[in-house]
Amino acid sequence: PYAWYEAEAARLENSEKSLTFAAHLFLDNLQSDDIPERAKWKALQAKDLFERSLRINPENDSSKVGLGACYLFSNISQTPMEGILKIREVAERDSTNIYAQIMLAKGAMISGQYDKAIVRLQTVNKLEPDNAEAVLMLADMYERTGDKASAISWYQKSLRLIKQDEARKAIAKRIEELSK
């Protein structure tokens, strides 16, 4: 409900900042939604908001990547590559765009292209060594490719970045399981 009210307020205000904020609320939430119909609705909401934001400022890379991610994480287009192309456009112009690199890594993960995801995430790690999301995703990718030693190493690196005790315990347990 919060995202819906933010979106409606943003549509009325019609400012780039409020539209982008509301769009990201939907986009962030849809990535973990297990109900396809609801995820699709969230993606359509985010898509509309990102498109409105881009009409105000066509050069907003965050909105371009967000729009591409809407296609990537939901079933709102017959051609999911449409989303990848939008994100890739930003990443090719600016290889240091962390948001674009992470979204392309997630796209590679979804399609099972773990080696491509690793390359993208290593780029993120070089630019932002303390990016916990990228470090954990790298650990996961190495685990999925069967490289236990690298997975353990990345999980260990993540421990210094994670502040929540429950998450730290879960990571330590995962390291222990992989070490067997």
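Here is what the cut-offs are and how they apply
- Residues numbered from 1 in each chain as written.
- Predicted model: local features only at pLDDT ≥ 70, side-chain atom pairs only at ≥ 80, totals over all residues.
- Heavy atoms only, no water.
- Salt bridge = Lys/Arg side-chain N within 4 Å of Asp/Glu carboxyl O.
- Helix = DSSP H or I, 4+ residues; strand = E, 2+ residues; numbered from the N terminus.
- Axes fitted to C-alpha atoms, helices over the stretch in contact; angles between N-to-C directions.
- Left-handed = near helix turned anticlockwise from the far one by under 90°.
- Contact = heavy atoms within 4.5 Å.
- Nonpolar A, V, L, I, M, F, W, Y, C, P; charged D, E, K, R; others polar.
- Parallel < 35°, antiparallel > 145°, perpendicular 65-115°, else oblique.
- Patch = residues over 30% accessible without salt bridge, like charges linked within 9 Å, V, L, I, M, F, W, Y side chains within 5 Å.
- Areas by Shrake-Rupley, 256 points an atom, 1.4 Å probe, with all protein chains shown as cover.
- Expected span 1.5 Å × (residues − 1).
- Buried < 20%, exposed > 50% of the residue type's maximum accessible area, 1.4 Å probe, protein only.
- Arc of directions from axis to C-beta.

Caption draft 1: Quick peek at the pattern of salt bridges. As enumerated under the stated definition, the model contains 13 salt bridges in all. Between R144 and D140 there is a salt bridge; the shortest N-O distance is 3.0 Å. Of this pair, R144 and D140 both sit in helix α8 (residues 132-144), separated by four residues, roughly a single helical turn. Taken together, the shared-partner salt bridges connect E8, R11, D48 and R52 into one network.

Caption draft 2: Local environment of the packing of helix α5 (residues 81-93) against helix α6 (residues 98-110). At their nearest, the axes of α5 and α6 sit 9 Å apart, and the two run at 145° to each other. For the crossing formed where α5 meets α6, the hand is left-handed. Facing α5, whose interface residues are I84, I87, R88, V90 and A91, α6 presents A100, Q101, M103, L104 and G107. Of the residues assigned to the contact of α5 with α6, the class counts are seven nonpolar, two polar and one charged.

Caption draft 3: Main features of the packing of helix α9 (residues 148-159) against helix α10 (residues 165-179). Where α9 contacts α10, the axes come no closer than 10 Å and their chain directions differ by 160°. In terms of orientation, α9 lies roughly antiparallel with respect to α10. The way α9 lies across α10 gives a crossing that is left-handed. The segment α9 lies against α10, with K148, A151, I152, Y155, Q156, S158 and L159 engaging R168, I171, A172, R174, I175, L178 and S179. Tallied by class, residues from the contact of α9 with α10 come to eight nonpolar, three polar and three charged.

Caption draft 4: Summary view of a nonpolar patch on the surface. On the surface, a nonpolar cluster with roughly 370 Å² of combined accessible area is contributed by W4, Y5 and W41. For W41, the location among the structural elements is in helix α3 (residues 36-56).

Caption draft 5: Representation of α9. In a regular helix each residue adds 1.5 Å, so 12 residues correspond to 16 Å; α9 covers 17 Å between its end C-alpha atoms and thus fits that length. For α9, every residue scored as buried is listed here: A151, I152, W154, Y155, S158 and L159. Looking straight down α9, one finds its buried side chains confined to an arc of 170°; they lie on one side.

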